[in-house]
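A structural walkthrough
Chain residues, written in single-letter form:
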Amino acid sequence: MKYGITIVAVVLLLASFAAAQAVVTPPTFETFAGYSRYMANLSATNLLSLKSAVIGGLNGGNASLDFNLGQSKTFGIKADISGYTTSETFKGINVSKNTYLFLVGPQIKKQTGKFHPFGEALFGWARQNVGFTFSGGQNAFATKIGGGIDYQVGKHFFIRPIQADWVLTTFGSGKTNSFSFSTRANNVALGAGLGFTF
């Protein structure tokens, strides 16, 4: 009986030690890169083809680096970069639009289990070029608020099946080739991709 109790105690101690070793420590840094679709609320007057070309959505990419704080790593600071472009030709005239976002801000993320939902509120700088083969562009303040969900597939890798953000850009109005446009807008960005933690 005495030896049986000793064996049970040793087994329980080893099991506790193994369970403690199996706990995955929340990451301090997270990187992400993926595809993103940007639906811009760009309005144009006097040329419906321009409006249909640029309001239909822009293809691009999104990359970010998160620095998670504290023991639980639930709260972090995120640096986020996105770039989008579209281009169409109408009767030999090229209509193009490029949008770039450079943002930073807080992120809150669940770090336990396999599914890791997160929310973010980012602020920073946006740049946009739009027009008929004319160079130059506008810089403006931008805000990106939203979130998504990550699925951990390994100790250092995760898949992000969906991320959705509301993006506010505060560009003013402009005019080129007798066509005026306003690019102060509410926009939506949808994306997915892969991440690495360390």
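Now for a description of the structure that goes with this document. (Residues numbered from 1 in each chain as written. Predicted model: local features only at pLDDT ≥ 70, side-chain atom pairs only at ≥ 80, totals over all residues. Heavy atoms only, no water.)

1. Re the overall build of the protein chain
Summing up its helical and strand segments, the protein chain has two helices and nine strands in all. The order of α-helices and β-strands along the protein chain, N terminus first, is α-β-β-α-β-β-β-β-β-β-β. Burial status across the protein chain gives 36% buried among its 198 residues. Here the analysis covers contacts within the protein chain between residues at least 6 apart in sequence; of these, 61% occur between residues at least 24 apart. Accessible area for the protein chain stands at about 10700 Å²; split by element, carbon and sulfur atoms hold 69% of it. (Helix = DSSP H or I, 4+ residues; strand = E, 2+ residues; numbered from the N terminus. Buried < 20%, exposed > 50% of the residue type's maximum accessible area, 1.4 Å probe, protein only. Contact = heavy atoms within 4.5 Å. Areas by Shrake-Rupley, 256 points an atom, 1.4 Å probe, with all protein chains shown as cover.)

2. Observations concerning the environment of Lys-97
Of note, Lys-97 is situated in strand 5 (residues 93-109). For the pair Lys-97 and Tyr-84, spaced 13 residues apart in sequence, the C-alpha separation works out to 8.2 Å.

3. Details of the nonpolar core
Membership of the largest hydrophobic core comes to 13 residues, with the highest contact counts inside it found for Tyr-38, Tyr-84 and Leu-101. At the level of secondary structure, the elements contributing two or more residues to this core comprise strand 5, strand 6 (115-132), strand 7 (138-152) and strand 8 (157-176). Non-local contacts of Leu-101, meaning those with residues more than four positions away in its chain, are made with Tyr-38, Asp-80, Ile-81, Ser-82, Tyr-84, Trp-125, Ala-126, Ala-142, Val-167 and Thr-169. (Core = buried A, V, L, I, M, F, W, Y, C linked by side-chain atoms within 4.5 Å.)

4. Some words on the packing of aromatic side chains
Summed over the entire model, instances satisfying the criterion amount to seven aromatic pairs. On the basis of an interplanar angle of 20° and a centroid distance of 4.7 Å, the ring pair of Phe-102 and Trp-125 is categorised as stacked. On the criterion of sequence distance, the pair formed by Phe-102 in strand 5 and Trp-125 in strand 6 is long-range, its members being 23 residues apart. You can call Phe-102 partly exposed: its relative accessible area is 33%. (Phe/Tyr/Trp six-rings, centres within 6.5 Å; stacked < 30°, edge-to-face > 60°.)

5. Some points on unusual backbone geometry
Note: most peptide bonds trans; most residues except glycine with negative phi. Even without a glycine there, the phi angle at Lys-73 is positive, about 60°. For Lys-73, the location among the structural elements is in the loop between strand 3 (58-69) and strand 4 (75-90). Residue Lys-73 is classed as buried on the basis of its relative accessible area of 15%.

6. A word on the pattern of salt bridges
The final tally for this structure, using the stated rule, is five salt bridges. The partner of Lys-109 in a salt bridge is Glu-30, with the nearest N and O atoms 2.7 Å apart. Highlighted residues: Lys-109 in strand 5 and Glu-30 in strand 1 (residues 29-39), separated in sequence by 79 residues. Both residues of the pair, Lys-109 and Glu-30, count as buried. For Asp-150, the salt bridge identified is with Arg-160, shortest N-O distance 2.6 Å. Of this pair, Asp-150 sits in strand 7 while Arg-160 sits in strand 8; the two residues are ten residues apart in sequence, bridging distant segments of the chain. On the basis of relative accessible area, Asp-150 is assigned to the buried category, the value being 0%. Overall, Arg-160 belongs to the buried group, its relative accessible area being 1%. Residues joined by salt bridges that share partners form a network here, namely Glu-30, Lys-109, Asp-150 and Arg-160. (Salt bridge = Lys/Arg side-chain N within 4 Å of Asp/Glu carboxyl O.)

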